Amino acid sequence: MKLLYFAWVRERIGTSSEDVARPDGVNTVGELIGWLAGRGGGYGEAFADQAHVRAAVNQSHVDMAHPVNDEDEIAFFPPVTGG
Amino acid sequence: MKLLYFAWVRERIGTSSEDVARPDGVNTVGELIGWLAGRGGGYGEAFADQAHVRAAVNQSHVDMAHPVNDEDEIAFFPPVTGG
Amino acid sequence: MIRVQEQDFDLGTELKAMSAGNTSIGGLCSFVGLVRDMAGNADIGAMTLEHYPGMTERALEEIEAEAMARWPLEATLIIHRYGRLEPGDQIVLVAAASAHREAAFEACHYLIDFLKTRAPFWKLEDTADGPKWVDARASDDAATARWAVKSGGE
Amino acid sequence: MIRVQEQDFDLGTELKAMSAGNTSIGGLCSFVGLVRDMAGNADIGAMTLEHYPGMTERALEEIEAEAMARWPLEATLIIHRYGRLEPGDQIVLVAAASAHREAAFEACHYLIDFLKTRAPFWKLEDTADGPKWVDARASDDAATARWAVKSGGE
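This section reports on the structure supplied with the text.

## Quick look at the overall build of chain A
Working step 1: A count of helices and strands for chain A gives 3 helices and 5 strands.
Working step 2: Taken from N to C terminus, the helices and strands of chain A fall in the order β-α-β-α-α-β-β-β.
Working step 3: Against the compact-globule benchmark of 12 Å for 83 residues, chain A has a radius of gyration of 12 Å, which places it among compact chains.
Working step 4: Each principal axis of the C-alpha distribution contributes one length, and for chain A these read about 35 × 30 × 20 Å.
Working step 5: Counting all 83 residues of chain A, 49% fall into the buried class.

## Some remarks on the sheet that holds strand S5 (residues 83–85) of chain C
Each strand in a sheet pairs with its neighbour through backbone hydrogen bonds, running either in the same direction (parallel) or in the opposite one (antiparallel).
Residue and element names in this part refer to chain C.
Working step 1: Strand order across the open sheet formed by 4 strands is S5-S3-S7-S8, with antiparallel pairing between neighbours. Looking at which strands have only one partner, the edges of the open sheet turn out to be S5 and strand S8 (132–133).
Working step 2: As paired elements, strand S3 (residues 47–51) and S5 share 3 bridges and run antiparallel to each other. Looking across to S5, one finds that Leu-49 is bridged to Gly-83.

## Structural notes on the arrangement of the chains
Working step 1: If you rank the 3 pairs of chains in contact by how many contacts each has, first place goes to chains C and D.
Working step 2: Contact between chain A and chain C is absent, and the least distance between their C-alpha atoms amounts to 10 Å.
Working step 3: The two units chain B and chain D never meet; even their closest C-alpha atoms stay 10 Å apart.

## Here we look at the interface of chain C and chain D
Working step 1: The partner chain D presents 38 residues to the 38 residues of chain C that form the contact.
Working step 2: Of the roughly 2900 Å² buried at the junction of chain C and chain D (both faces included), carbon and sulfur atoms supply 55%.
Working step 3: The interface formed by chain C and chain D includes 8 salt bridges.
Working step 4: Two residues, Arg-101 of chain C and Asp-140 of chain D, come together in a salt bridge whose shortest N-O distance is 2.9 Å.

## Considerations on the interface of chain C and chain B
Working step 1: If you look at the interface, chain C gives 25 residues, while chain B gives 20 residues.
Working step 2: Interface area, chain C with chain B, both sides summed: about 1800 Å², of which 57% is carbon and sulfur.
Working step 3: On the chain C side of the contact with chain B, Tyr-52, Trp-122 and Trp-133 of chain C bury the most area, a combined 36% of that side's loss.
Working step 4: Here chain C is connected to chain B by 1 salt bridge.
Working step 5: For Glu-50 of chain C, the salt bridge goes to Arg-10 of chain B, with nearest N and O atoms at 2.6 Å.
Working step 6: Seen at the junction of chain C and chain B, the total is 12 residue pairs in polar contact (both at pLDDT 80 or more).
Working step 7: For the side of chain C that touches chain B, the secondary structure elements donating two or more residues are S3, helix H2 (55–70), strand S6 (90–98), helix H3 (101–118) and strand S7 (121–125) of chain C.
Working step 8: Here the side of chain C that touches chain B gets 5 residues from one element, more than from any other, and that element is H3 of chain C.
Working step 9: A class-by-class count of the residues in the side of chain C that touches chain B yields 14 nonpolar, 4 polar and 7 charged.

## Observations concerning the pattern of salt bridges
Working step 1: Scanning the model with the defined rule gives 28 salt bridges over all chains in all.
Working step 2: Between Arg-39 of chain B and Glu-18 of chain B there is a salt bridge, and its shortest N-O distance comes to 3.3 Å. In this pair, Arg-39 of chain B is assigned in the loop between helix H2 (29–37) and helix H3 (41–46) and Glu-18 of chain B in strand S2 (residues 17–19), connecting sequence segments 21 residues apart.
Working step 3: With a closest N to O distance of 2.8 Å, Arg-3 of chain C and Glu-14 of chain C form a salt bridge. A residue pair is termed long-range when its members are at least 10 positions apart, and Arg-3 of chain C in strand S1 (residues 2–5) and Glu-14 of chain C in helix H1 (residues 11–19) qualify at 11 residues.
Working step 4: Owing to a relative accessible area of 25%, Arg-3 of chain C belongs among the partly exposed residues under this scheme.
Working step 5: Because the salt bridges share partners, they merge into one network encompassing Arg-101 and Glu-102 of chain C together with Asp-113, Arg-137, Asp-140 and Arg-146 of chain D.

What counts, and where the lines are drawn
Residues numbered from 1 in each chain as written. Chains lettered and ligands numbered in written order. Predicted model: local features only at pLDDT ≥ 70, side-chain atom pairs only at ≥ 80, totals over all residues. Heavy atoms only, no water. Helix = DSSP H or I, 4+ residues; strand = E, 2+ residues; numbered from the N terminus. Rg over C-alpha atoms; globule rule 2.2 N^0.38 Å. Buried < 20%, exposed > 50% of the residue type's maximum accessible area, 1.4 Å probe, protein only. Pairing = 2+ DSSP bridges. Contact = heavy atoms within 4.5 Å. Buried area = accessible area lost by both parts, 1.4 Å probe. Salt bridge = Lys/Arg side-chain N within 4 Å of Asp/Glu carboxyl O. Polar contact = N/O pair within 3.5 Å; in protein donor to acceptor, adjacent residues only side chain to side chain. Nonpolar A, V, L, I, M, F, W, Y, C, P; charged D, E, K, R; others polar.

Below is the structure:
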């Protein structure tokens, strides 16, 4: 999986992207967030307030129940504030 | 009174403006229309379909009951179609 | 500001002048009306716009003042042309600038809706059967009427 | 058409290009978003816009396609900037052209409402306490939600 982070999610984690092998038992966006948060440190901070984290899979907005697959590009970011 | 005519009201009457002394008994826009229509000819044609004639007194839209006075500028025209 | 003129206007110049130097403006909404060829009626082309000098300016100033009273606006602009106009020509420009986008949108919409039913302009269209006065549209009256019941806020 | 770019755009040039040569267009509605100085907060000035390259273009294309499907439009345009922006700078332009003014207005409004809640941009504002990420506004979600219940016609 290719993971991308934007805005304060990126700042807290300390990187804008990384490649991660999908862990066993991680089949949804929500499960991926739980696994990332469990890494602690900046990841813990970034996902502490999950109500304010949004996700996209392959560049489309998705909800927490959306499946994740090995080849997906998965992005995490705050609610958007463009326009 | 200064009378002004626009669009097809002007075309039917055959003039764009004229000065008219207010006749006895003509105290409202509606009464003025009745008096003008009674002149016949182009005036009769212009005011034959009063539902489609609008009026302004001193450059403000008014209804048929609006009073008319000797010094007024009174205009008759079809419903507006600008924009 | 309102202007009634025979000559064309430059859209970019007019809009830029509205917001220039005013950093309280967060949004600028504009609408341009253009002479269009009637689909399937190639015989309808140019038109001539007649208006009522004096009353036109009054009507546009009133509409502008009403919009200013109803929304928190930083600037408004109405330009309306008269005279001979060809397909593709600009007829009218209305614009509203505000700190807030909803106010800019609603005020701009209000300006054109009221202009359509209150400003004393009349369109004489060229047709195959000769020049023909355009009829007023019931939908324009309806567009104006809805502002009486709509909330004016954001 | 959609464009995502760091450089500024010329409003007049962009709008003229939309309607040039298309005499089916009767109305062109546009909205420009500008960086504003917060009233009473002179310490808030410039901002930096971050975005998600690739997804941004996809999101804007989807929003444009939805507007095209919902209203009879002749042309649409979305330009969104990213990078460093100062007060008074243009951030975004959305525009819709149609034979009919209501379609142009509604589609333009729809474009900016959906862009605000779906396009992946994030604003980092300069403040006296250092840079601060702007919070999303509930009013923007509400502005998007209303299109689900509004009739899409004219």
